[in-house]
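# Residue-level structure breakdown
Residues per chain are reported as follows:
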Amino acid sequence: MAAAWLVVLLTVHRLLHLSGVSAVDRSQFPPDFLFGTSSSAYQARRRNLHSTMLHNKSLSELCFFRLKADIWRVTKVSATGMSSLTSKEDIELMHSLGVNSYRFSISWARILPKGRFGDVNPDGVAFYNALIDGLVQKGIQPFVTICHYDIPHELDERYGGWLSPEIQKDFSYFAEVCFKLFGDRIKFWTTFNQPNLSIKFSYMDGFYSPGRCSEPFGKCALGNSSIEPYIAGHNIILSHVNAVSVYRNKYQGKQGGQIGIALSITWYEPFRNTTIDLLAVKRALSFGASWFLDPILLGDYPTEMREVLGQSLPKFTSKQKKRLQSTKLDFIGLNHYTTCYVKDCIFSPCEIDPVNADARVFSLYERDGVPIGKATGAPFFHDVPRGMEEAVTYYKQRYNNTPTYITENGYSQASNSNVTAKDFTNDTGRITYIQGYLTSLASAIRKGADVRGYFVWSLLDDFEWNFGYTLRFGLYHVHYKTLKRTPKLSVDWYRKFLTGSLLRRKFRDESQLHKFNSY
Ligand SMILES: O=C(/C=C/c1ccc(O)cc1)O[C@@H]1O[C@H](CO)[C@@H](O)[C@H](O)[C@H]1O
C-alpha cells in the first residue's frame, strides 16, 4: 500500500515538473509573510517637474549606456501621458492578484516642492492619502520608501544635494513630515532605496543625475569619482540615522511601525578559484551593501573600504559612532536580481567596471564562453536563482539574522520594433525566473534566515531610468499610448502561487495536499 502511494506521489511530482508547475508553493513561507509588488514614484507616475533625477545634465553623450536620443524622445512623449499609479483600477489589479502588500515611494518634491525652505503641497498629501487609504481598505499593507532617488530640485540648486551635510536636515525634516501625515497607517518605512548603487551612478559614473564624475571612471564636466561618492554616502548614512531617531523618539511608540533601509545586493562569485579572485569577491561585497549596512549595524565602514580608499573615505566622529550604535534599524530591505563573476584588478590589469571599479574588481557574466545564467532583457541581470539563497545567507550571517524583506526581485523584457504585445504577455521567462528565485529563497528560510517578505519588481511596465520605456519589468503589460494594462502569463502564475491553487489544481482533496507537502 505504502509503495503504491509512493509511486502515485512520484508520478504526480514528475507531472508537476513536466507541466511547468513549480515545486515552490505558498505554504513554504510563513503565514504572515508579505507578498507584494514594488514600484517607485518617479518611475510609475507622471514626471514631476520639481524633482531632480534625469534632467538633461545626466543625459550626457558620455554616459555609460550611450543613451540614444530617440529613446529619450519617446520617453518624453510617453511620460507626459503617463497616469498616476493610484487609480482605483491599479489597486483593484493588486487586490485581484492576491498580494497583501505594496511597496511604493513618496515623491519628496511632490510633498515639499522646496524642501524645508517651503510649504507642504496639499495636492501631494491628498494624493498619498488616497493611495494609502485605498490600499488599506483592500487589506494591502503599504510598504513605503521615503526616498527612491529623486530629490527636490531646489536642494540641488541651493547646496549641491547629497554632497552637502545640509541635506541631513532636509531629509529628517521630510521624513518627519511623512511620519506625521501618513504614519498612523504605515507599518513599514524604508529610509532609502539602494543608495549603494544609485550613488555610484550619480557620482562615480555620472549617468544618473546630477551626472558628476571624473576620469578614469567617466568623462563629465564636473565631479570627482574618487571622493564624491563617499561624501554623498556619508550624508545618506547620517540622514538615515537622523530619520530613524526621529521615528523612534517621537512616532514609533504610538504608530507601532518598523523602519529600515533597502540595499542592492548583487551576488558575486570568483571568476577563477584563486586567492586574488576570492579577495575580489570580499571587496565587491564590502563596497556594496556593506558600505551602508556596516556603519548602520556594526558602527563603521568595512575594513576593505578603508584599506582601498584611505583618506578618501570620510570618518565618523566618536559622537556619530555612538549614535549609529544606539540607532541602527528594525529590518533590512534587500533588492536582489543577479549574480556575476568578479576578478581582481589590484594585481591584474582591468578595464574600468561601471559599478565595481572602486572595489578594484571587474565583473563579468560569462566564463570560458559559458554565461553565468540565462540572459534577461536587461544586459546587467542574468537568471541565477542560487544567488538568492547565497546572498540572503551571507547577510544573515554578517548581520546576526536581522529581520529581512526582499524589497525587489524581477525580470525584464527588452523592447524593439519586432516585438509585439502578444510576445510580451507570453512571459514564460519571467515565470521561470520568479519561480527559481522563490525556490532559492524558500531554501534560505528553511535553513533559518529571518526573511519576512518578498516583492516583485514591478506590478506594471514602467520607466526604467536610463533605459526609458525600453525595458519592461511589469507583471502587467502597459500600452504607453492608451495606458491600457494587460495581464501577462506571470499574473496568472503569481495569483495561483499566492492562493495555493498551483497545487490545489492537482490535489482537490486537502488530505492529499497535506500528504504531498510532507513528502
Ligand atoms: O538594481 C537596479 C539597477 C541595476 C543596474 C543598472 C545598470 C547597471 O549597469 C547595473 C545594475 O535598480 C533597481 O531595480 C529596478 C530594475 O532595474 C529599478 O527599476 C529600481 O528603481 C531599482 O531599485
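Residues numbered from 1 in each chain as written. Predicted model: local features only at pLDDT ≥ 70, side-chain atom pairs only at ≥ 80, totals over all residues. Heavy atoms only, no water.

Per an unreviewed UniProt entry, the chain is named Pectinesterase, and its organism is Oryza barthii. What UniProt records for the chain under Sequence similarities (unreviewed entry) is the sentence "Belongs to the glycosyl hydrolase 1 family." (UniProt positions renumbered as here; feature names shortened; annotations may be inferred.)

## Some remarks on the nonpolar core
By size, the foremost hydrophobic cluster in this structure holds 140 residues, and its most contacted members are Trp162, Trp189, Leu441, Tyr454 and Tyr494. A per-element tally of this core places helix H10 (residues 228-255) first, with 11 residues. Residues contacting leucine 441, with those up to four places away along its chain left out, are Phe29, Phe33, Met388, Val392, Ile406, Val451 and Tyr454. (Core = buried A, V, L, I, M, F, W, Y, C linked by side-chain atoms within 4.5 Å. Buried < 20%, exposed > 50% of the residue type's maximum accessible area, 1.4 Å probe, protein only. Helix = DSSP H or I, 4+ residues; strand = E, 2+ residues; numbered from the N terminus. Contact = heavy atoms within 4.5 Å.)

## Let's talk about helix H11 (residues 275-286)
Across its 12 residues, H11 extends 17 Å between first and last C-alpha, which sits within 8% of the 16 Å expected from 1.5 Å per residue. Listed in full, the buried residues belonging to H11 are Asp277, Ala280, Val281, Arg283, Ala284, Leu285 and Ser286. For H11, the secondary structure elements touched by its buried residues are strand E8 (267-270), helix H12 (290-298), helix H13 (303-309), strand E10 (339-344), strand E11 (361-364) and helix H15 (386-398). (Expected span 1.5 Å × (residues − 1).)

## A short note on the sheet that holds E8
Within the open sheet, the three strands sit side by side as E8-E10-E11. Their pairing is mixed. In the strand order of this sheet, the two ends are held by E8 and E11, each with one partner. Shown here is a sheet whose adjacent strand axes are inclined to one another by a mean of 40°, direction ignored. Looking at chain direction, E8 and E10 are connected through four bridges and run parallel. Note on E10: the bridge partner recorded for tyrosine 268 is cysteine 340. Running over the sheet, H11 touches E8, E10 and E11 and is turned about 120° from E10. Where H15 meets the sheet, its contacts fall on E8 and E10, and the angle it forms with E8 comes to roughly 100°. (Pairing = 2+ DSSP bridges. Axes fitted to C-alpha atoms, helices over the stretch in contact; angles between N-to-C directions.)

## Quick look at the site of the ligand
Around the ligand sit 18 residues in total, of which Gln43, His148, Asn193, Glu408 and Glu464 are the nearest. Residue asparagine 193 places a side-chain N or O atom 2.9 Å away from an oxygen atom belonging to the ligand. Note that an oxygen atom of the ligand is positioned 3.1 Å from one of the side-chain N or O atoms of tyrosine 337. Protein chains shield 94% of the accessible area of the ligand, which is 510 Å² for the free molecule. (Near = heavy atom within 4 Å. Polar contact = N/O pair within 3.5 Å; in protein donor to acceptor, adjacent residues only side chain to side chain. Areas by Shrake-Rupley, 256 points an atom, 1.4 Å probe, with all protein chains shown as cover.)

## Description of the packing of aromatic side chains
Aromatic rings considered in pairs are described by the distance between their centres and by the relative angle of their planes. One pass over the full model with this rule turns up 52 aromatic pairs. Geometrically, the ring pair formed by tyrosine 337 and phenylalanine 381 is stacked, given 4.4 Å between the ring centres and 5° between the ring planes. Separated by 44 residues along the polypeptide, tyrosine 337 in the loop between strand E9 (331-335) and E10 and phenylalanine 381 in the loop between strand E14 (374-375) and strand E15 (382-383) bring together distant segments of the chain. On the basis of an interplanar angle of 75° and a centroid distance of 6.1 Å, the ring pair of tyrosine 337 and phenylalanine 473 is categorised as edge-to-face. You can see tyrosine 337 sitting in the loop between E9 and E10 and its partner phenylalanine 473 sitting in the loop between strand E19 (471-472) and strand E20 (476-478), a full 136 residues away along the chain. Judged on exposure class, the residue tyrosine 337 and its partner phenylalanine 473 are both buried. (Phe/Tyr/Trp six-rings, centres within 6.5 Å; stacked < 30°, edge-to-face > 60°.)

## Things to note about the pairing of E11
Side chains of E11 alternate between two faces, with Val361 and Ser363 and Phe362 and Leu364 buried alike. Bridge count between E10 and E11: four bridges; the pairing is antiparallel. Each bridged residue has a counterpart across the sheet, and for aspartate 344 the counterpart in E11 is valine 361.

## Here we look at a nonpolar patch on the surface
Side chains of Ile276, Ile346 and Phe347 sit close together on the surface and give an oily, nonpolar patch of about 300 Å² of accessible area. Structurally, isoleucine 276 is set in helix H11. For isoleucine 276, a relative accessible area of 31% gives the class partly exposed. (Patch = residues over 30% accessible without salt bridge, like charges linked within 9 Å, V, L, I, M, F, W, Y side chains within 5 Å. Salt bridge = Lys/Arg side-chain N within 4 Å of Asp/Glu carboxyl O.)

## With respect to the pattern of salt bridges
Here the structure, examined in full by the defined rule, presents 26 salt bridges. Close ionic contact of lysine 282 with glutamate 304 constitutes a salt bridge, the shortest N to O distance being 3.7 Å. Pair noted here: lysine 282 is in helix H11 and glutamate 304 is in helix H13, with a separation of 22 residues, a long-range link. For lysine 282, a relative accessible area of 48% translates into the label partly exposed. In this structure glutamate 304 comes out as buried when scored by relative accessible area, which is 14%. Bridged by salt links that share partners, the residues Arg116, Glu166, Lys169 and Asp170 form one connected network.

## Some points on the environment of glycine 36
With respect to the secondary-structure elements, glycine 36 resides in strand E1 (residues 34-38). Sequence spacing of glycine 36 and tyrosine 494 is 458 residues, and the spatial spacing of their C-alpha atoms is 10.0 Å.

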